[in-house]
Amino acid sequence: MPRIAYVNGRYLPHADAAVHIEDRGYQFADGVYEVCEIRHGMIVDLTRHLDRLDRSLSELQMKSPMSRGALTQVIREVARRNRVKNGLFYLQVTRGVARRDHVYPSADTPPSLVITAKITDPSVIAKKNETGLKAITLPDNRWDRVDIKTVGLLPNAMARQAAKEKGAQEAIYIDSRGMVTEGAATNVWIVDKDGVLVTRPAEHGILRGITRTGLMDVTDRLGINVQEREFSREEMLTAREVFITAATSICFPIVEIDGQPIGNGHPGAMAERIRSTFFDVAEKTVI
């Protein structure tokens, strides 16, 4: 069955879906996005994703393309038309189509909305959890407003490419003080030498990940103490465990960073314990 995309009010075959060449998302990266997991026919943590979308739009003084209720219905319809039971949807809003000019177009310019969905193979994720991932570290060279989930992801793409070229699957950013910020597409967690679960505060320097927030709910359920504090590259390398969180993977264990094994070089127990409970705690919206 061909994939179906939603583009500005129309459901189209994925191969035929397109936006105007003067869409500001294409020319200026003037847009925001969300990626959300679909698992067992249910959308995971949809409310929090749409809350973050609203915040991103507000920070960029951008209009929402439709009401939340209407948007939810379109998301569910895209998932249904693509018969996604396990997978994800991708949602992107841009400032719309206007004559190319750096300043914002007229306030009555309608925003552009694109939504796609695709099926993923749960066994691939399970295999990564079983073996763990490798990562590299890189200086954080992104703009200062990484708290906004914009489509301006060229530094992130370059970081992931650098990781791939070194046989790794993620790049972890290090700030000018030698402190860990986040991964190219993930939040980073460690279990320190004392067995305490630690992640960087989300006030500045990282995106407030939805899975990161949901994981806090899980740790509350399990009685696991979490410290939100900065930690250095050196502390990360000597941690008992390192794992990364993202919407489509929950938490992947990191078993090697910059060629150095983490802990005993195998996935740790904390990540597995959290991952096995996450879906029970998360909000679930039936498609």
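Residues numbered from 1 in each chain as written. Predicted model: local features only at pLDDT ≥ 70, side-chain atom pairs only at ≥ 80, totals over all residues. Heavy atoms only, no water.

As for the state of the cysteines
So, point 1. For the structure on display, the rule yields 0 disulfides.
So, point 2. No disulfide involves Cys-36; its sulfur sits 17 Å from that of Cys-251, the nearest cysteine.
So, point 3. A relative accessible area of 0% means that Cys-251 is categorised as buried. (Disulfide = S-S within 2.5 Å. Buried < 20%, exposed > 50% of the residue type's maximum accessible area, 1.4 Å probe, protein only.)

Regarding unusual backbone geometry
So, point 1. For Asp-45, which is not glycine, the phi dihedral falls at a positive 55°.
So, point 2. On the secondary structure map, Asp-45 appears in the loop between β4 (42-44) and α2 (46-59).
So, point 3. Among the residues examined, Asp-45 registers a relative accessible area of 6% and is labelled buried.
So, point 4. Here the phi dihedral of Gln-61 falls at roughly 55°; this positive angle occurs in a residue that is not glycine.
So, point 5. As for its placement among the helices and strands, Gln-61 is situated in the loop between α2 and α3 (68-81). (Helix = DSSP H or I, 4+ residues; strand = E, 2+ residues; numbered from the N terminus.)

Let's talk about the pairing of strand β1 (residues 4-7)
So, point 1. Here β1 shows no split at all, with Ile-4 and Tyr-6 on one side and Ala-5 and Val-7 on the other all buried.
So, point 2. Where β1 hands over to strand β2 (residues 10-13), the hairpin turn is made up of 2 residues, of which Asn-8 adopts a positive phi near 50°. (Pairing = 2+ DSSP bridges.)

Details of helix α5 (residues 154-165)
So, point 1. The first and last C-alpha atoms of α5 sit 16 Å apart over 12 residues, in line with the 16 Å expected at 1.5 Å per residue.
So, point 2. Among the residues making up α5, those that are buried are Asn-156, Ala-159 and Ala-163. The buried residues of α5 occupy an angular sector of 60° when the element is viewed end-on, so they sit on one face. Among the exposed residues of α5, those oriented more than 90 degrees off its buried face are Leu-154, Met-158, Lys-164 and Glu-165.
So, point 3. Buried residues in α5 make contact with β7 (133-139) and β8 (170-174).
So, point 4. Within two residues after α5, Gly-167 carries a phi angle of roughly 75°, on the positive side. (Expected span 1.5 Å × (residues − 1). Arc of directions from axis to C-beta. Contact = heavy atoms within 4.5 Å.)

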